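This is what each chain is made of:
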Amino acid sequence: MLDADFFRRWMTATAASVDREAERLTALDSPIGDADHGSNLQRGFTAVTAALEKEAPDTPGAVLILAGRQLISTVGGASGPLYGTLLRRTGKALGDAAEVDRAQLADALRAGVDAVMTLGGAAPGDKTMIDALVPGVDALGDSFGAARDAAEQGALATIPLQARKGRASYLGERSIGHQDPGATSSALLVAGLAEAAGE
Amino acid sequence: MSDEKLVGIVLVSHSAQVAVSVAELAKGLAGGAAAVPVAPAGGTEGGELGTSAELIAAAAASVDRGVGVAVLTDLGSAVLTVKALLAEGDELPAQTRLVDCPFLEGAVAAVVTAATGADLDGVAAAASEAYSYRKV
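These lines cover the structure that appears in this document, whether it is placed above or below. (Residues numbered from 1 in each chain as written. Chains lettered and ligands numbered in written order. Predicted model: local features only at pLDDT ≥ 70, side-chain atom pairs only at ≥ 80, totals over all residues. Heavy atoms only, no water.)

Next up on the list: the nonpolar core. By size, the foremost hydrophobic cluster in this structure holds 72 residues, and its most contacted members are Phe7, Trp10, Met11, Phe45 and Leu105 of chain A together with Val10 of chain B. The residues touching Phe7 of chain A, leaving out its near neighbours within four places in the chain, are Leu2, Pro60, Val63, Leu64, Leu94, Val100 and Leu105 of chain A. In this structure, Val36, Leu72, Cys101 and Ala127 of chain B belong to the second largest nonpolar core, which totals 27 residues. (Core = buried A, V, L, I, M, F, W, Y, C linked by side-chain atoms within 4.5 Å. Buried < 20%, exposed > 50% of the residue type's maximum accessible area, 1.4 Å probe, protein only. Contact = heavy atoms within 4.5 Å.)

With that settled, consider the sheet that holds strand β1 (residues 8–13) of chain B. Residues and elements named next belong to chain B. With parallel pairing, four strands are arranged side by side in an open sheet as β2-β1-β3-β4. The open sheet terminates on both sides in strands that have one partner only, identified here as β2 (38–42) and β4 (96–99). Strand-to-strand twist in this sheet, taken as the mean axis angle between neighbours without regard to direction, amounts to 20 degrees. The pairing of strand β3 (residues 69–73) with β4 spans four bridges and is parallel. Looking at β4, one finds that Val69 is bridged to Thr96. Contacts from helix α2 (residues 53–63) reach β1, β2 and β3, with the element oriented near 180 degrees to β2. (Pairing = 2+ DSSP bridges. Helix = DSSP H or I, 4+ residues; strand = E, 2+ residues; numbered from the N terminus. Axes fitted to C-alpha atoms, helices over the stretch in contact; angles between N-to-C directions.)

Residues and elements named next belong to chain A. Of note in this structure, Ala35 is not a glycine but carries a positive phi near 60 degrees. Within the element layout of this structure, Ala35 appears in the loop between α1 (4–32) and α2 (37–55). Phi is positive for Lys127, which is not a glycine, with a value near 65 degrees. Note that Lys127 resides in the loop between α5 (102–120) and α6 (130–139). Looking at Lys127, the relative accessible area reads 2%, which means it is buried.

Buried accessible area, meaning the area lost when the parts come together, often serves as the stated size of an interface. Between chain B and chain A, the residue contacts involve 16 residues of the former and 16 residues of the latter. A combined buried area of about 1200 Å² lies between chain B and chain A, and 50% of that area is made up of carbon and sulfur atoms. For chain B, the biggest contributors to the area lost against chain A are Leu80, Ala84 and Glu88 of chain B; these three give 37% of the whole. On inspection of chain B and its partner chain A, the count reaches four residue pairs in polar contact (both at pLDDT 80 or more). Contributing elements (two or more residues each) for the side of chain B that touches chain A: α2 and α3 (76–88) of chain B. Residue contributions to the side of chain B that touches chain A peak at seven residues, all from α3 of chain B. Its residues assigned to classes, the side of chain B that touches chain A shows five nonpolar, five polar and six charged. (Buried area = accessible area lost by both parts, 1.4 Å probe. Polar contact = N/O pair within 3.5 Å; in protein donor to acceptor, adjacent residues only side chain to side chain. Nonpolar A, V, L, I, M, F, W, Y, C, P; charged D, E, K, R; others polar.)

What follows covers the pattern of salt bridges. Side-chain pairs of opposite charge can arise whenever the charged atoms involved come near each other. For the coordinates displayed, the defined rule picks out ten salt bridges over all chains. Between Arg8 of chain A and Asp5 of chain A there is a salt bridge, with its nearest N and O atoms 3.1 Å apart. Residue Arg8 of chain A and its partner Asp5 of chain A are located together in helix α1, separated by three residues, close to a single helical turn. Residue classification places Asp5 of chain A among the partly exposed positions, given a relative accessible area of 38%. With a closest N to O distance of 2.7 Å, Arg97 of chain B and Asp121 of chain B form a salt bridge. Of the two residues, Arg97 of chain B is situated in strand β4 and Asp121 of chain B in helix α5 (residues 120–129); the sequence distance between them amounts to 24 residues. When salt bridges that share partners are traced, they join Asp5, Arg8 and Arg9 of chain A into one network. (Salt bridge = Lys/Arg side-chain N within 4 Å of Asp/Glu carboxyl O.)

Time to look at the packing of α1 of chain A against helix α8 (residues 181–196) of chain A. Residues and elements named next belong to chain A. Across the interface, α1 lies against α8 with an axial gap of 8 Å and an inter-helix angle of 155 degrees. Relative to α8, the element α1 lies roughly antiparallel. The crossing of α1 and α8 is right-handed. Partitioning the contact of α1 with α8 into residue classes produces 13 nonpolar, five polar and five charged. (Parallel < 35°, antiparallel > 145°, perpendicular 65-115°, else oblique. Left-handed = near helix turned anticlockwise from the far one by under 90°.)

Secondary-structure assignment places Ala111 of chain A in helix α5. Ala111 of chain A has contacts with Arg89 and Ala93 of chain A, leaving out every residue within four places of it along the chain.

Residues and elements named next belong to chain A. Tracing the backbone shows Gly177 in the loop between α7 (144–156) and α8. Relative accessible area serves as the criterion here: at 48%, Gly177 is assigned to the partly exposed category. Spatially, the C-alpha atom of Gly177 lies 15 Å from that of Asp131, the residues being 46 residues apart in sequence. Ignoring anything within four residues of it in the chain, the contact list for Gly177 reads Lys127, Ile159 and Pro160.

Put into C-alpha cells, the structure is as follows:
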C-alpha cells in the first residue's frame with residue numbers, strides 16, 4: 001500500500017530530477033517554445049518541496065492537492081496550471097484515504113490526465129505532455145517500472161510529431177524533429193513514481 | 001448611475017506593461033468610463049514575463065462589486081491559469097467569467113459596455129463580438 005510518505009517521496013524525487021534536468025528541459029524548449037520550461041518547473045517543484053516540508057499533509061490526496069496548488073501559484077507558464085491540475089485532480093480522486101494501492105493510483109491519475117486534456121484541449125498525438133502521461137498511466141497497472149519506461153518511450157515518440165497545441169503549434173512543420181519538453185518533464189514525473197517505489 | 005454597481009474587468013497578460021497599458025487605453029478610449037473597475041494582472045509576481053495565479057486572484061477581488069467580473073486574457077498560460085482558478089471553485093469571486101475575445105479590442109468593448117451599467121452577460125457578449133470587427 002502507498003501512504004502519504006510514498007507520495008512525499010514521489011514529489012521530492014520528481015523535484016530532484018527536475019532540478020538535475022532543468023537545463024535539458026529548457027534546451028528542448030528553446031527551438032519550439034519560449035526557453036523557460038526547465039526554469040519554470042524548477043521554481044514550481046522547489047516550492048512544492050518547501051511546502052511539503054512545512055505542512056506535511058498526512059494523506060496521499062492531501063499531498064498531491066498541496067503540490068498542485070504550489071505549481072499553479074509559482075510556475076508562471078502554461079506548465080503550472082497543467083501540472084497543477086494533474087496533481088490536484090489526482091489528489092481529489094484519491095479522496096481522504098490514508099493509504100491507496102497501485103490500481104487506485106492508476107485510476108486517480110487517469111482522472112488527472114483527463115482533466116489536463118480538458119483544460120488544455122490536447123489529445124494524444126498533439127505533441128504535448130499527454131503523449132508521455134497516457135502510456136505511463138496505461139502501464140501503471142503492470143508496475144511502476146513499466147510506467148516509467150512507457151512514459152519515457154512516449155516522450156521520445158513526440159520527436160516526429162507536429163505540434164498542434166501551445167506555443168510550438170505556431171511553428172507548424174518546423175516543430176517536427178524536436179522532442180516535446182512537456183512530454184519530457186512528464187516522463188520525469190512518472191519516473192519519480194518508480195523511484196519512490198524503489199523500482 | 002453613481003450608486004450603480006458595475007461589472008469588474010480583469011486584464012491578464014504575460015506582460016505587466018501590456019496589461020497596464022491596455023487597461024489605460026481601454027479606459028481612455030471608453031471616455032466617461034472612469035467608474036468602471038478595471039485591474040491589470042500582468043507578468044509574474046517577480047516582474048518577469050508569465051502569468052501569476054496570485055496576481056489574477058488579487059485583481060479579480062479588487063474589481064468585484066458583487067455583480068460579476070469579466071476576465072480577459074492574452075495567450076496560452078494566461079488562459080490556462082484562469083481556467084484552472086475557475087475550476088478550483090473558490091479562488092475567484094462568485095460570477096467570474098473567462099471571456100473569449102481579442103485582448104485589446106475586447107477590453108475596449110468590455111469597458112465601454114460595463115460603463116453603461118450592463119450585466120456580466122452583456123459585457124461578455126460585447127467583448128466577444130469584437131472578434132468580428134474587420135479593420136479593412
